Amino acid sequence: MASSVRDHRGRPVAVVTGMGIVTSLGRGKAENWAGLAAGRSGLKRITRFPTDGLKSTVAGTVDFMDVSPYSAHDLSLAMAMAAVEEAFGEARIETAMFPGPLIVATPPSEFEWPLLRQLYEGSPEPQHGGYRRLLAAARTGNYRGMARHLRFASIADGLKEKFGCSGEPVSICTACASGTTTIQLGMEAIRRGQADAALCIGADATVHPEGLIRFSLLSALSTQNDPPEKASRPFSKNRDGFVIAEGAAALVLESYDAARARGATVLGVVRGCGEKADDFHRTRSRPDGAAIIGAIRKTLGDAGVAPDEIDYINAHGTSTPENDKMEYLSLKAVLGDHLARVPISSNKSMVGHTLIAAGSVEAVFSLLTLRNGLLPPTINYDVPDPDIPLDVVPNAARAAAVKTVLSNSFGFGGQNACVVFSGEPA
Amino acid sequence: MRETPRDVWVTGIGLVSSLGEGVEAHAALLAPAAEPAPVLDEAAFAPYVVHPLAPIDLSKQIPKKSDQRQMEGWQRIGVYAAGLALTDAGIAGKPELLDRTGLVVAAGSGERDTSVDRTVLEKLDGREDTGLLAKEILPSALRPTLFLAQLSNLLAGNISVVHNVTGSSRTFMGEEMAGLAAAENAVRRIVAGQGELFLVGGSLNSEREDLLLGYELGRNLWRGPFRPVWARRQAGGGFVPGSVGAFLVLEARAHAEARGARPYARIAGVVSDRSNRATGEARASGLRLFQSLCGALPRAQLPVLSGASGVEPVTGEERGFLDDLRAEGFDPVVRAYGSLLGHGVEAHLATGLALAALAVSRGGFLPPSGGLDAEHRLDGSPGRVLVTSFGHWRGEGLALVEAAGGGEAR
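The rules behind these values
Residues numbered from 1 in each chain as written. Chains lettered and ligands numbered in written order. Predicted model: local features only at pLDDT ≥ 70, side-chain atom pairs only at ≥ 80, totals over all residues. Heavy atoms only, no water. Domains from an automatic or database assignment. Buried < 20%, exposed > 50% of the residue type's maximum accessible area, 1.4 Å probe, protein only. Helix = DSSP H or I, 4+ residues; strand = E, 2+ residues; numbered from the N terminus. Pairing = 2+ DSSP bridges. 1 Å grid on protein atoms, 1.4 Å probe; cavity = no way out; pocket = protein on both sides within 12 Å on 5 of 7 lines; lining within 4 Å. Points joined across faces, edges and corners; volume = space filled by probe spheres on them. Nonpolar A, V, L, I, M, F, W, Y, C, P; charged D, E, K, R; others polar. Salt bridge = Lys/Arg side-chain N within 4 Å of Asp/Glu carboxyl O. Phe/Tyr/Trp six-rings, centres within 6.5 Å; stacked < 30°, edge-to-face > 60°. Lys NZ or Arg CZ within 6 Å of the ring centre and 35° of its normal.

### Description of the domain arrangement of chain A
- For chain A, the assigned domains read domain 1 (14-109 + 151-422) and domain 2 (115-147).
- Look at where the C-alpha atoms of domain 1 of chain A and domain 2 of chain A centre, and you get two points 37 Å apart.

Written as structure tokens, this is what we have:
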């Protein structure tokens, strides 16, 4: 143990040794990075269901996974499995042999309308209405196959079954910060010596009518539907909401010592994570940004990184008027004048907001940014917002040597979580 | 077990259930002469039985009507119980403590508006136009606040808003495994020095047709006249949902001592695993967990608060596990607390931990509920309690609660 590597607080160092990803840009890191580097959008008009009459008709759906009929559960699981397989390939880990806990951020397990309709129409007690009728259908026992859609343990269980992780699989929800929280949980498990490895996954596939309309009713979605690829405009003055999207990403975390001992390639270091809950409102952050600022400060403190060491920021950058303004103000409060020198871009300009999966997707993109020395752009940046003076890497990727990345994730329910990645320790 | 400054102390309990609210109402269930009976509603959701929430005055913990309106039942119950726990621990209203209290919640799906669903289904009935739902029906049927009642992390979010708990916020999911993951997460962080002060728990609103439907799809519910947990096997088993809000303040011993907080008990450990549930696997999983958690304990009477749901075959597996404890030289004195309070799913383990902490601090135990030989008399007072959690579908876990040494117990 004399040669073991410890961080600035004497804790084991968590590193990333494998990554996998699926988004509307494609399956795998190569397709996704090619898209990001080219400034290509994966957003398109929704074809999964009719959208005429709806205010928002654009999404980043994943339509190439061969999941039919669509359901959030089945598509999320299929994407998560693809992401894990890719990550295991890179980390050179055998399927069914993963030596640590499984931590999954999963979308809501809920009734989708095709399920409710099936129960309603198949009920042996059509003389009743509403849930009495639905319950009579469930009592027949003919719909047990539907139970997976309603079990929050189901996606994690499917992954555990296939990839053989140790112990109870953990399912987590911190809304749109969930992906980042999985990395935080994995990092903490490694730091406390609970495990030498952790498999951290985020997946979301909730582009269904109710999934779209409920965000629309909260005025969260862009209504700039034409052309679809220009709907997401993070940090622009004419931004008007996010674009709902699907995706999954998986990261294999290991202790640096364990990774080195087995000769694994270190793709990056999880320097630190931090979180702070907001008590202002269920969907809005404190006007002074205190909770976001707190989360960023805690993250830098945990990572042992000074604000001026951050040389790229992977923004939460949803393209909502509120988020992008608050993210800027909070970063300004923490990074001060250094912020003017830090490029910051939003992957969501191209892949939309993958919600529960966003932190995982953006963690993979942050690490690819580090490794490739190329900053992915914020596309659709045609009308700068004078209130948000940032170098958003407008419209075209830019080569830059990056040592340390801050990735932000914020969610409904006052969730704020951030993570700092850097290259392999010298 | 050796005591350390990072012992996990229970310094606050917030409980609200079908049998009342607060520490004293639930401690009374453990008193020597207590003969508590379950409170049931067998009519409202027939053929299903539920344990309805006792009447509570929400404004005592959720003073603003606007906050109450922003929530649905499961959130109100949970926020109320969280407030009880914070008050009990002496944390409520203390910004310097709330600012660094970590929130760890176990949650399932929130609540749907069943009348909206009914209306939509009636409008869709027999219609073939696949676009009807999205373009005509849903936009007018749904309302913005519905979604905020459905999101799993919006119990935690509401606790932050109402009680100003802002140190951190994590919501675990996965039915009973959510409760295990939440407790395990907080305990491990305290033991590892990754945090000192946590509010841990969850809630269940049993009086919901959408909740019943979700579980009946898997044929997990008990139908017909009420029976205690162990007495349901012959009729196929099933669980009776019980409305409950259960939160605990868990605190590093040194932190509690420094602020003069007294412990109910200490949590000596929480362990969990997930078996495939082929015959015998849950039982074997439980025994492995027991050996890791309790292998060094004296072979003697061991009070057990069983979280058994009544769902088969896993409740039968837990019976086998309890038999195995006898083979290991222990004399388990078992109480399935779900027979009294119903099954709280995500909140069930936190309920069991709260009852266990009260049992060791007050020196009482639940009366037997019948249906199992191991629900026999306990000699003396429980110095420690094993809490079991065999999930109705997946997940096995155990927690050991012991009298806290050192501090002046409450």
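Now that the structure has been shown, the text picks up again.
### Remarks on the pairing of strand β3 (residues 102-106) of chain B
All names here are of chain B.
- Most of β3 sits inside the fold, with five of its five residues counted as buried.
- The alternating pattern of β3 places Gly102, Val104 and Ala106 and Leu103 and Val105 on opposite faces, both of which are buried.
- Relative to strand β4 (residues 168-173), β3 runs parallel, the two sharing five bridges. Each residue of the ladder has a partner; that of Gly102, found in β4, is Ser168.

### Observations concerning empty space enclosed by the protein
All names here are of chain B.
- One pass over the full model with this rule turns up eleven cavities of 30 Å³ or more.
- Here the largest cavity defines a volume of roughly 300 Å³.
- In terms of lining, the largest cavity is formed by 24 residues, of which the most central are Gly108, Ser109, Gly110, Arg208 and Leu211.
- Elements with a minimum of two residues in the lining of the largest cavity: β5 (197-204) and α10 (209-217).
- Take the lining of the largest cavity: its biggest share by element is four residues, from α10.
- Grouping the constituent residues of the lining of the largest cavity by class yields ten nonpolar, eight polar and six charged.

### A look at the pattern of salt bridges
- Under the definition given, this model contains 55 salt bridges over all chains.
- Note that A:Arg214 and A:Glu110 form a salt bridge whose closest N and O atoms lie 2.9 Å from each other. On the criterion of sequence distance, the pair formed by A:Arg214 in helix α8 (residues 209-217) and A:Glu110 in the loop between β5 (102-105) and α3 (113-122) is long-range, its members being 104 residues apart. There is no split in this pair, since A:Arg214 and A:Glu110 are both buried.
- The partner of B:Glu196 in a salt bridge is B:Arg100, and the shortest N-O contact between them spans 3.8 Å. Here B:Glu196, found in the loop between α9 (176-191) and β5, pairs with B:Arg100, found in the loop between α4 (95-98) and β3; they are 96 residues apart in sequence, far enough to count as distant.
- The partly exposed category is assigned to B:Glu196, whose relative accessible area is 42%.

### Comments concerning the packing of aromatic side chains
- Inspection of every chain in the model, using the stated rule, returns nine aromatic pairs over all chains.
- Judged by centre distance (5.0 Å) and plane angle (85 degrees), the ring pair of A:Phe215 and B:Phe147 falls under edge-to-face. You can see A:Phe215 sitting in helix α8 and its partner B:Phe147 sitting in helix α7 (residues 144-150), one on each of two chains. Judged on exposure class, the residue A:Phe215 and its partner B:Phe147 are both buried.
- Consider the rings of B:Phe321 and B:Phe390, whose centres lie 5.4 Å apart with planes at 50 degrees: the pair is tilted. Of the two residues, B:Phe321 sits in helix α13 (residues 314-327) while B:Phe390 sits in strand β10 (residues 384-390), which places them 69 residues apart along the sequence. Exposure class is identical for B:Phe321 and B:Phe390. Each is buried.
- Clustering of aromatic rings is evident, with ring pairs tying together A:Phe215, A:Phe242, A:Phe412 and B:Phe147.
- One Lys or Arg, A:Arg133, reaches over the ring of A:Tyr120 and ends 3.7 Å from the middle of that ring.

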